[in-house]
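Okay, here's what each chain looks like letter by letter:
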Amino acid sequence: MRRTILGVFAVVCFAVSPALLSAQEKFVPNYDEAKVPAYTLPDPLVMQDGTKVTTSDVWEKSRRPELVELFAREMFGPVPANSGKLTWSVLEEDEKALEGTAHRIQIELKPDGDGGDRRFELLLYIPNQVKGPVPVFINFNFLGNHTVHPDPAIHVATWRSRDPKTGEAVVLTSEIARGDRIRRFPIEVILKRGYALATVHYQAVYPDDAKAVKIPEGSEAGAISHWAWGYSRVTDVLSQLPKIDREKIVFLGHSRLGKTALWAGANDPRAAIVISNDSGCGGASLARRQYGETVGRINDAFPHWFCGNYKKYGNDVNQLPFDAHELLSLTAPRPVYVASATEDQWADPKGEFLALLNANPVYQLYGLEGIRETEQPAPEKPISAHNGYHLRVGKHDLLEYDWVRYLDFADGYFKK
Ligand code: GCU
């Protein structure tokens, strides 16, 4: 295979940016459970004014909106509104793609409104063996649609980024990376199980560039809110396609996109299931544990992901008016699934599990059993009741092992 400089550069550039390295050098993460400080989690069922929430009705009318408002104001910034005008057109399709097993569609989206004049491409595979509308996973990708599968028809992504050495803005396009990320998108497995897959290159929606994206003080939306906006615009389109079951749309994301999926699902009731894969700090893991990546560190390294107000909490995380269990509880009564990996200590697997456990009281308001276990399960012993959790053996990644758990979980819920 011929390697172009840009092809190699695209991958390296994503793996280690110099800003990340210098911040990581100064920051020493705690990986010792004995050094986790004592903390008290905010009670999801107590309003800011001290009123107790005892019914799902009060949760939905008062406490849930209060929490969404707090997360928007103090952490992510609000998800940009959409004028409702969304222009989209099919750029390419093949009803006999992947050896006849799938209908591939590449769609250009041009949303109007606060999203500005952005344009991005959605890549969609729908299984052919199923009659009638199918459920769909939306999972954005990191390096371009053409990296998710070697299928030669997938359009090659082009995006703006920075040369890690000079810091100069460059345009990246990389044919060589075609199919490079297939391990994160086992499309044939997904299709065989009767699910469609929808993916978008996240940087086509909004740049992931701390130098280009300046976040002012206050609550203006950070990048995560913009990416969440992207999940909703994709949902707008999928909801109009007769081959897609609009009641069965799953929001899934890995890492920074796991944080995104949680926030997107909190804001968009059309997400039927929300899945966080290794989302860590700013996603599913409890900030107050300060294990692995902390709020201070994430604000230093990725200031553009969150709104300006979030910076206030870097030095005193206990002042945060919420924690990750409440972000997870915003999915209720819809199921939420959290996954961790044993070697992903940076994301604090135990903190991810504990957040899910502490979201249980909100599900109980609906008579639903979130998860039953109170101890983090052993590696590769997935658990599920209404919600689900697993700890995969291995590194920070999204692999077929994870996907199979998500497919099983979605089957259990959708096919009830
Ligand atoms: C960094 C960051 C994490 C993030 C991850 C990713 O490691 O510190 O918070 O989840 O990048 O998105 O890959």
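Just above, that's the structure.
Overview of the structure.

Scoring rules and cut-offs
Position numbers for residues count from 1 along each chain, tracking the sequence in the order it is written. In keeping with the model being predicted, local features are shown solely for residues with a pLDDT of at least 70 and side-chain atom pairs are shown and tallied solely at 80 or more, while totals for entire chains, interfaces and linings include all residues. Working from all heavy atoms in the structure, the side-chain values ignore hydrogens and water. Think of a nonpolar core as a cluster: buried Ala, Val, Leu, Ile, Met, Phe, Trp, Tyr and Cys residues, connected wherever their side-chain atoms sit within 4.5 Å. Relative accessibility under 20% of the residue-type maximum defines a buried residue, over 50% an exposed one, and the middle range a partly exposed one, all with a 1.4 Å probe and only protein chains included. Each helix is a run of H or I in the DSSP string that is no shorter than four residues. Each strand is a run of E no shorter than two, and both are numbered from the N terminus. Here a residue-residue contact requires only that any non-hydrogen atoms of the pair lie within 4.5 Å. We define proximity as follows: a residue is near a molecule or strand when any one of its heavy atoms falls within 4 Å of that partner. By the criterion applied in these results, polar contacts are pairs of N or O atoms within 3.5 Å in which, for protein atoms, one can donate a hydrogen and the other can accept it, and in which residues neighboring in sequence qualify only through two side-chain atoms. To be clear on the numbers: accessible area is Shrake-Rupley with a 1.4 Å probe, and residue cover counts the displayed protein chains and nothing else. Three categories are distinguished: nonpolar for Ala, Val, Leu, Ile, Met, Phe, Trp, Tyr, Cys and Pro, charged for Asp, Glu, Lys and Arg, and polar for the others, with Gly belonging to the last. Paired strands, in this sense, are two strands between which DSSP finds at least two bridges. Grid spacing is 1 Å over the protein atoms alone, the probe is 1.4 Å, and a cavity is where that probe fits but cannot get out, while a pocket is an open set with protein on both sides within 12 Å along at least five of seven lines and lining residues have an atom within 4 Å of a point. Grid points are joined across faces, edges and corners, and a volume is the space filled by probe spheres set on the points.

## Observations regarding the nonpolar core
Counting 93 residues, the largest nonpolar core has Leu 124, Leu 238 and Trp 263 as the members making the most contacts within it. Looking at which element gives the most residues to this core, the answer is helix H7 (residues 223-238), with nine residues. What Leu 124 contacts, discounting residues up to four positions off in sequence, is His 103, Arg 104, Ile 105, Val 136, Ala 196, Leu 197, Ala 198, Leu 238, Leu 241 and Ile 244. Listed in part, the 28 residues of the second largest apolar core include Ala 102, Ile 154, Ile 275 and Trp 403.

## Description of the site of the ligand
Taken together, Ser 255, Arg 256, Lys 259, Glu 293, Ile 298, Phe 302, Trp 305, Trp 346 and His 396 make up the full set of residues near the ligand. Ser 255 is positioned with one of its side-chain polar atoms (N or O) 2.7 Å from an oxygen atom of the ligand. Within the side chain of Glu 293, a nitrogen or oxygen atom sits 2.6 Å from an oxygen atom of the ligand. A total of 320 Å² of accessible area belongs to the ligand in isolation, and the protein chains cover 87% of it. Per-class residue counts for the shell around the ligand are four nonpolar, two polar and three charged.

## Remarks on unusual backbone geometry
Note the cis peptide between Ala 332 and Pro 333, where omega equals 0 degrees. With respect to the helices and strands, Pro 333 occurs in the loop between helix H10 (324-329) and strand S10 (336-341). The residue Asp 348 is not glycine, and still its phi comes out positive at about 55 degrees. Turning to its location among the elements, Asp 348 is positioned in the loop between S10 and helix H11 (349-357). Looking at Asp 348, the relative accessible area reads 1%, which means it is buried. We note that Glu 380 has phi near 55 degrees; this positive angle belongs to a residue other than glycine. For Glu 380, the position within the fold is in the loop between helix H12 (360-365) and strand S11 (383-384). The class of Glu 380 is partly exposed, set by a relative accessible area of 33%.

## As for the pairing of strand S12 (residues 388-392)
Of all five residues in S12, five are buried, a share of seventy percent or more. Side chains Gly 388, His 390 and Arg 392 of S12 all project onto a buried face; the interleaved residues Tyr 389 and Leu 391 project onto the opposite face, where all are buried too. Across five bridges, the pairing between S10 and S12 is parallel. Across the sheet, the residue bridging to Ser 340 is Leu 391, located in S12. Here S11 runs beside S12; their pairing, made up of two bridges, is antiparallel. Within the sheet, the bridge partner assigned to Ser 384 lies in S12 and is Gly 388. Between S11 and S12, which pair antiparallel and follow one another directly, the connecting turn spans three residues.

## Side note on empty space enclosed by the protein
Per the stated rule, a full pass over the model turns up two cavities of 30 Å³ or more. Considering only enclosed or pocket space, the largest cavity measures out at about 80 Å³ in volume. If you trace the largest cavity, you find it lined by Phe 71, Met 75, Gly 282, Gly 283, Ser 285, Ala 287, Tyr 310, Leu 320, Phe 322, Asp 323, Ala 324 and Leu 327. For the lining of the largest cavity, a count of residues per class yields eight nonpolar, three polar and one charged. The calculated volume of the second largest cavity comes to roughly 70 Å³. Along its surface, the second largest cavity is lined by Asn 139, Phe 140, Asn 141, Phe 142, Leu 143, Thr 147, Arg 181, Arg 184, Phe 185, Gly 253, His 254 and Leu 398. Of the residues that constitute the lining of the second largest cavity, the class distribution is five nonpolar, five polar and two charged.

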